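Residue strings, one per chain:
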Amino acid sequence: MTKNMTEGSPMKLILGFSIPLFFGFLFQQFYSLVDTVIVGRFLGKDNLAAVGATGSINFLVIGFCMGVCSGFAIPVSHKFGAGDYPGMRKYVANCAWLAAAFAVVLTGFTTLFCRQILVVMRTPGNILDSSYAYIWIIFLGIPATFLYNMTYGVIRALGDSRTPVIFLVMSSFLNVGMDLFFILNLHMGVQGAAWATVISQGISGSCCLLFIVKKFELLRIRKEEWAPDRHMMRVLCGMGVPMGLQYSVTVIGSVVLQSATNTLGSDAVAAVTASGRISGFLACPFDALGSTMATYGGQNVGAGRLDRIGEGMKSCIFLGA
């Protein structure tokens, strides 16, 4: 299940690793589209607008979580590439401590101030309460977001890009099924859509964690390896926080645009939400290549094969073009 990316043709390795990720990202966009269809068709355009009005601030926070977890996985890939498996397990243990701390802080802050944020973003009054009900539950599920992205990042760091996609597909079908059940049978409105997202992601993260425990001998952390290490935590934060901020900074323009769109009323917000789900497909190839290079580069840096980094970059740029 692991893949050593320090040997062999960079083009073949990057292509073979990125294809499962690409289909995973495509499927993620597809179920987001289905999610939008369900809300728009069964709850109406105002509720679709309520969900859409939270989109940019949602990704500002959730994108930070994803970026942090991607950064945390890089030192893990370094140690795997270097063959230092005890050090790798220590990094994974410290990833878990930091992810738990970040999750608690972010969940507390965002759930406390999300209504004020929506007001500052000039969310239309007729959808403000529904937007708040939706995004509050999404922010309450930040620990589930960290669980999935952290376990996914660790599995990917060891060269396995297929298994997380399987769990993502499973999570997507579960999300759509729960959407329909919560909205049509339990009449939970946009709150049902939010709970479906959080629960499905929590189940997917739990499955990734169980898979790691059962299938990856290399990642069975010993008691003494669970001890927090300040140096390792500094290294992890040095990688994770900048990547998290990179994810968030790119969304700031979307937050400003969303605030401007909100002044046009709920019809405009619903229109932008619907079209945004379609445009999200365009980013899938590049998200896949970026995640691939994080693993490829991390393993080769850890193994001291710096000569392969340039070859990998050329291959990645060619594939991206």
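Residues numbered from 1 in each chain as written. Predicted model: local features only at pLDDT ≥ 70, side-chain atom pairs only at ≥ 80, totals over all residues. Heavy atoms only, no water.

Draft legend 1. Highlighting helix α2 (residues 45-52). Where burial is concerned, most of α2 is hidden: 6 out of the 8 residues are buried. Among all positions of α2, only Asn 47, Leu 48, Ala 49, Ala 50, Val 51 and Gly 52 are buried. (Buried < 20%, exposed > 50% of the residue type's maximum accessible area, 1.4 Å probe, protein only. Helix = DSSP H or I, 4+ residues; strand = E, 2+ residues; numbered from the N terminus.)

Draft legend 2. Highlighting the pattern of salt bridges. Scanning the entire structure with this criterion turns up 7 salt bridges. The partner of Arg 89 in a salt bridge is Glu 225, with the nearest N and O atoms 3.0 Å apart. Placement of the pair is Arg 89 in helix α4 (residues 85-120) and Glu 225 in the loop between α8 (190-215) and α9 (230-262), with a sequence separation of 136 residues. The same class applies to Arg 89 and to Glu 225, which are both buried. Residues Asp 307 and Arg 305 are paired through a salt bridge, measuring 3.5 Å at the closest nitrogen-oxygen approach. Beyond isolated ion pairs, a larger network of salt bridges with shared partners links Lys 45, Asp 46 and Asp 267. (Salt bridge = Lys/Arg side-chain N within 4 Å of Asp/Glu carboxyl O.)

Draft legend 3. Up close: a nonpolar patch on the surface. A contiguous nonpolar patch, built from Trp 136, Leu 140, Met 170, Trp 195, Ile 199 and Ile 203 and spanning about 440 Å² of accessible area, is present on the exposed surface. Considering every element that reaches the nonpolar patch, the biggest residue donor is α8, with 3 residues. Its location among the elements puts Trp 195 in helix α8. (Patch = residues over 30% accessible without salt bridge, like charges linked within 9 Å, V, L, I, M, F, W, Y side chains within 5 Å. Areas by Shrake-Rupley, 256 points an atom, 1.4 Å probe, with all protein chains shown as cover.)

Draft legend 4. Representation of the packing of helix α6 (residues 142-157) against α8 in the model. Running from N to C, α6 and α8 cross one another at 35 degrees; their axes reach a closest spacing of 8 Å. As α6 packs across α8, the resulting crossing turns out to be left-handed. Every residue of α8 that contacts α6 at Ala 144, Thr 145, Leu 147, Tyr 148, Asn 149, Thr 151, Val 154 and Ile 155 is listed here: Val 198, Gln 201, Gly 202, Ser 204, Gly 205, Ser 206, Cys 208, Leu 209, Phe 211 and Ile 212. (Axes fitted to C-alpha atoms, helices over the stretch in contact; angles between N-to-C directions. Left-handed = near helix turned anticlockwise from the far one by under 90°. Contact = heavy atoms within 4.5 Å.)

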